[in-house]
Amino acid sequence: MNRRRVVVVEAPCRLHFGFLDLSETADRCYGSLGLTLEGLATRLRAEPAGDLSASGPQAERVLGSLRLLAQQLSLPGGVRLTVETAIPEHVGLGSGTQLALAVGAAVARLYDLDLPPREIARLLDRGARSGIGVGAFEQGGFIVDGGRRGEAPPPVVSRVPFPEAWRVILIFDREARGLHGPAEMEAFRRLPPFPEEAAGRLCRLVLLKALPALLEADVASFGAAVSELQRVVGDHFAPAQGGRFASPRVAQVLAWLEGQGAAGVGQSSWGPTGFALAGSEAEALALVRDLEARWGDGGPLSFRVCRARNQGAALSVEEEQRPGIRAALRMARR
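Owing to the predicted nature of the structure, the values given are computational and were not obtained by experimental measurement.

A. Quick peek at the nonpolar core. Among the nonpolar cores identified, the biggest contains 50 residues, and Phe17, Phe142, Leu170 and Phe222 are the most heavily contacted of them. Those elements that provide at least two residues to this core are β1 (3-21), β2 (30-49), β5 (142-145), β7 (167-173), α5 (181-190), α6 (196-215), α7 (219-241) and β9 (274-278). The biggest single contributor to this core is α6, with 9 residues. Among all residues touching phenylalanine 142, those that are not within four sequence positions of it are Phe17, Leu33, Gly34, Leu35, Ser158, Arg159, Val160, Phe162, Leu211, Leu214 and Phe222. Formed by 32 residues, the second largest nonpolar core is a distinct cluster that contains Leu66, Leu81, Ile120 and Leu123.

Spelled out as structure tokens, the structure:
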């Protein structure tokens, strides 16, 4: 009773490389692959309180998740959440799922609840189509999920560490946002049927090219597999997002990077954020210098080099002595 527990959770961002089967006719549908990244993360602090409150970036969204959890879990007390940093919203980096999982993990640890990430995702209605966000939170690295069946988030069927030397170049468009919410749901509803042969081709591409290349640290073959998957999936989503990629500016950069020999290029989720793969930091930095020379004069585009993150979210617990107790101790020493 004399100490206050403070839980700190840092949830990493992720790239979503695309789906494997959008037909929704098989026993399991969707199936997806993605990569956890360092450098952009949601970090929040949770501590006991008399009621439920949230402050900092995306506070209203945090408070909504907190209230929903409190209703379902019958918490023995309140929670005060402080968001210190947040993954940018609606740009394709998984901000919503990582925020929800961070809130749930913080609350669970604060009150010693047995609440794994997959259960948090179910309670907060995250991971409906893809298991990449939950996988990134749980274990990081390069992740493939096995598709959705029922209401639970799709299970992770493969997790491979990403080579330490490889880098990812992110391309941001500050004047664009990806589809989300009702617009996203409507876009999925209006998509044309996905050909069965295309689904088979993508599954072979991941199993027989991308995963072996990753295990053998063959950046050219891995990148080629990612680029091919992006072409197939991006063209399928083109009616909903106005082209293979959501942002024409990002599309122009990706075409230039591909022409310069970047190992693999694409768009994360609904975008607009694009990405390119490089086999080393030196190569990535050289490409970014060229990008900034061409597009980086204060316009809407910006660029960042990231390394992969081969671990999941970080959680720590601080036991702080209550201020009143500290004051009493000081008085007792006098």
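B. Focus on the packing of aromatic side chains. A complete count under the given rule lists 13 aromatic pairs for this structure. A ring pair is formed by phenylalanine 19 and phenylalanine 188, whose centres lie 6.1 Å apart and whose planes are at 75 degrees; its orientation type is edge-to-face. Taken together, the residues span a long stretch of sequence, with phenylalanine 19 in strand β1 and phenylalanine 188 in helix α5 at a distance of 169 residues. Ring geometry for phenylalanine 162 versus tryptophan 166: centroids 5.2 Å apart, planes at 90 degrees, classification edge-to-face. Pair check on accessibility: phenylalanine 162 and tryptophan 166 agree, each one buried. Of the aromatic side chains, those joined through ring pairs into one cluster are Phe17, Phe142, Phe162, Trp166, Phe222 and Phe275. A cation sits over an aromatic face here: arginine 129 above phenylalanine 188, 3.8 Å from the ring centre.

About the criteria used
- Residues numbered from 1 in each chain as written.
- Predicted model: local features only at pLDDT ≥ 70, side-chain atom pairs only at ≥ 80, totals over all residues.
- Heavy atoms only, no water.
- Core = buried A, V, L, I, M, F, W, Y, C linked by side-chain atoms within 4.5 Å.
- Buried < 20%, exposed > 50% of the residue type's maximum accessible area, 1.4 Å probe, protein only.
- Helix = DSSP H or I, 4+ residues; strand = E, 2+ residues; numbered from the N terminus.
- Contact = heavy atoms within 4.5 Å.
- Phe/Tyr/Trp six-rings, centres within 6.5 Å; stacked < 30°, edge-to-face > 60°.
- Lys NZ or Arg CZ within 6 Å of the ring centre and 35° of its normal.

By themselves, these figures tell us nothing about what the structure is for.
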